[in-house]
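Structure assessment
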Amino acid sequence: MSEANYDIIIAGGTAGCVLAGRLAAADPTLTILVIESGPTTRNDPMHTQPARYICHLRPDSTTVKFHSGKESAALGGRAPVVPCGQCLGGGSSVNFAMYTRAAPSDYDDWATVYGNKGWSAAELLPLLQKCETYQVQPRRATHGYAGPLKVSYGGFYTETAQEFLSVAAQYDKTRGHTDDVNDFFECNKYGRWPKWIDAETGTRSDVPHHYIYPQSTNENLTVLTGFHVKRVIFSGTVATGVEFVANSRIRDDATSQVITARARRMVVLSSGTLGSPIILERSGIGSTEVLKKIGVGEIACLPGVGENFQDHQLITPQYLAADSAHTLDFIAEDDQKEIATWTKQWLENGTGLLASNGLDAGIKLRPSRSDLDAIGNKFRQRWLELYAPSPDKPVLWIGVMTLLAGERPPTPGKKYFCIGAYLQYPSSVGYVHATSADDVEAPLDFRPGYLDSPADMALHKWAYKRTREFARRLPSYRGELAMRHPIFPSGSAAAVGEKSGPVPVLAPDLEYSAEDDKALEDYIRQTVSTCWHGLGTCAMKKREEGGVVDSRLNVYGVEGLKIVDLSICPGNVAANTYSTAVLIGEKAAMIIAEELGIPIRDTEDAGAILKARL
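So, here is what we can say about the structure in this document. Being a predicted model, the structure only gives us computed values, none of them experimental.

1. Observations regarding the state of the cysteines
Summed over all chains, the structure comprises zero disulfides. With no disulfide of its own, Cys-531 lies closest to Cys-418 among cysteine sulfurs, the gap being 11 Å.

2. Let's talk about helix 10 (residues 336-349)
Here helix 10 contains 14 residues, and its C-alpha end-to-end distance of 20 Å stays within 8% of the 20 Å for a straight helix at 1.5 Å per residue. Within the span of helix 10, buried status applies to Ile-339, Trp-342, Thr-343 and Trp-346. Taken down its axis, helix 10 places every buried residue within 115° of arc, on the same side. Turned more than 90 degrees away from the buried face of helix 10 sit Lys-337, Lys-344 and Glu-348, all of them exposed. Tucked inside the fold, the buried residues of helix 10 contact helix 2 (45-48) and helix 9 (329-332).

3. Points about the packing of helix 13 (residues 454-471) against helix 14 (residues 514-527)
Contact geometry for helix 13 and helix 14: axes closest at 10 Å, N-to-C directions at 105°. When the interaxial angle is binned, helix 13 and helix 14 end up roughly perpendicular. Of the residues in helix 14, those in contact with Met-457, His-460, Lys-461, Tyr-464 and Lys-465 of helix 13 are Asp-517, Leu-520, Glu-521, Tyr-523, Ile-524 and Arg-525. The residue inventory of the contact of helix 13 with helix 14, partitioned by class, reads five nonpolar, one polar and five charged.

4. Some points on the side chain of Ser-105
Looking at where Ser-105 falls in the secondary structure, it is placed in helix 3 (residues 104-112). In contact with Ser-105, not counting residues within four places along its chain, are Ser-390, Asp-392 and Lys-393.

5. Quick notes on the nonpolar core
Counting residues in each nonpolar core, the largest one holds 94 residues, and the members touching the most others are Tyr-107, Ile-285 and Leu-561. Take this core: its biggest share by element is 11 residues, from helix 15 (residues 578-596). The contact partners of Leu-561, leaving out residues within four places of it in the chain, are Val-232, Phe-234, Ala-239, Val-267, Leu-269, Leu-280, Ile-285, Leu-553, Asn-554 and Val-555. Residues Ala-161, Tyr-190, Leu-365 and Val-400 belong to the second largest nonpolar core, which totals 40 residues.

6. Digging into the pairing of strand 16 (residues 361-365)
Within a regular beta strand, the side chains point alternately toward one face of the sheet and then the other, so they alternate between its two faces. When you tally the buried positions in strand 16, you get five out of five residues, the bulk of the element. Residues Ala-361, Ile-363 and Leu-365 line one face of strand 16 and the alternating positions Gly-362 and Lys-364 line the opposite face, and both faces are buried. Here three bridges tie strand 7 (residues 190-192) to strand 16, and the two strands are oriented antiparallel to one another. Among the inter-strand pairings, Tyr-190 is bridged to a residue of strand 16, identified as Ile-363. Looking at chain direction, strand 16 and strand 17 (residues 396-401) are connected through four bridges and run antiparallel. Looking across to strand 17, one finds that Ile-363 is bridged to Ile-398.

7. Side note on the pattern of salt bridges
Taken as a whole, this structure holds 34 salt bridges when the rule is applied. Residue Asp-253 is joined to Arg-251 by a salt bridge in which the shortest nitrogen-to-oxygen separation is 3.2 Å. You can call Arg-251 partly exposed: its relative accessible area is 25%. In this structure, the salt-bridge partner of Glu-469 is Arg-473, at a minimum N-O distance of 2.6 Å. When salt bridges with common partners are traced through the structure, they connect Asp-172, Arg-175, Asp-371 and Arg-466 into a single cluster.

The rules behind the values
- Residues numbered from 1 in each chain as written.
- Predicted model: local features only at pLDDT ≥ 70, side-chain atom pairs only at ≥ 80, totals over all residues.
- Heavy atoms only, no water.
- Disulfide = S-S within 2.5 Å.
- Helix = DSSP H or I, 4+ residues; strand = E, 2+ residues; numbered from the N terminus.
- Expected span 1.5 Å × (residues − 1).
- Buried < 20%, exposed > 50% of the residue type's maximum accessible area, 1.4 Å probe, protein only.
- Arc of directions from axis to C-beta.
- Contact = heavy atoms within 4.5 Å.
- Axes fitted to C-alpha atoms, helices over the stretch in contact; angles between N-to-C directions.
- Parallel < 35°, antiparallel > 145°, perpendicular 65-115°, else oblique.
- Nonpolar A, V, L, I, M, F, W, Y, C, P; charged D, E, K, R; others polar.
- Core = buried A, V, L, I, M, F, W, Y, C linked by side-chain atoms within 4.5 Å.
- Pairing = 2+ DSSP bridges.
- Salt bridge = Lys/Arg side-chain N within 4 Å of Asp/Glu carboxyl O.

Take a look at the structure:
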């Protein structure tokens, strides 16, 4: 492959594909190269059928890359594994398709606490509207109705989700119900959960099928799949191109040849939270210590590269479901007869279980005063500092998933559900760094930091107890799957196992002894996992505060290089991160189009709506 020249080179990912699609549509004469390390996804049912997401977590997956973290005492000596999307469109092509928006104060913090002009909630809401067509309800002031990505309830409403909301109305009357859990203002109310799924076709609303593939006739938009970006090339401190190599997992013709592409205007890294900082370090941008360690000459000293890793921490206790319940377990068990039955319905009218993600109800929850007492003093300071001043910030997401994900019992044919919870703003923070200057497949120096803070453990313990109370009241409940719960002491009132049915809604809660709590802590250390929501490793902050990019996404200390992905988030967001990744791509398109003098369709001003509600 000979050296080629382009106006802009973009290193893959969800936000990068949004950026490429918007710029190519705004100016078809602009030559753009997108380099993706994974395979293409075009019209592949493993990507277009939303329910297939669980298949991408199989150990032999070629659409996801699994990163191992360091062994951690906080995890009982366990080394956590964090998967990241590795296919065109990144996580948008393989994620759980949950439509979840951040709290307004999250983005306002980006603007005020971290000093990023143009990134407030009022300024970003129009971009959230621009990307979507909200099919759930018409004429909602904070939603969009003309964007490429469709949002709906999907093609099936599972029994366990309906039961969850019914139980919530009786068991927890203090929080109430909402018909829009993502209106950008409310939290702490139960509701049915929307999805990134087209109501008409039942297909996944990913980025490639809605920003990239529709422009296949544009000869100036080039997409290369199956190539790793190795490093950015500089002339002095000006980025002039990239080196990349074939991914042997994807390309049968892979060789060790290093290929060069030149950029006339700019290079954009959008390889994600665990990708972009590694490319920067291999390129000579990072802390002096890391660069010396891997033997790379320094171009710009930015100690913040790879630091500030943040994620949402997830616990998924599993329960046995009634045989009459509809679940997605047939996909996890690769039941071809069942898959064929649901595929027929999906092809006919875009409905059924394959047009679903099995995540149909939940709540962005804030604890009450009595809940805070139960959680305990280890969390109280965190509450006072972060949550009390911002009433739109939830502490947990709690919801139903109709599927047993991960390790399964040897006997097939059973049905399962989970009422899981993830922490929206864990206190624990980690890091990720390169270990080689040349080997793009070298393992990362990666410490996610899960459970490093006692405040996080306190929340997880309370969340387990809370979600279990919901589970044991659902009509479809048939007990706990013991292998996916704590090993409580013999004779414990909290003992787990198969049951014949639920307890009454108004039954007393389980009581946990000190020994039970210890067993619960051991369980959490062994099972807490990623939510695939990592961010922050190239933070958009002031350089002297550990920042890597400025508010226009320029990497400090060099020219012609921007970062456009979740790594730029300076603080966490209370949401599944797909929404924020798309938002970053849309914002980057506006910034870069302005800098290049390219007209791009603007958005309606939603600032008045936001200010009125706040």
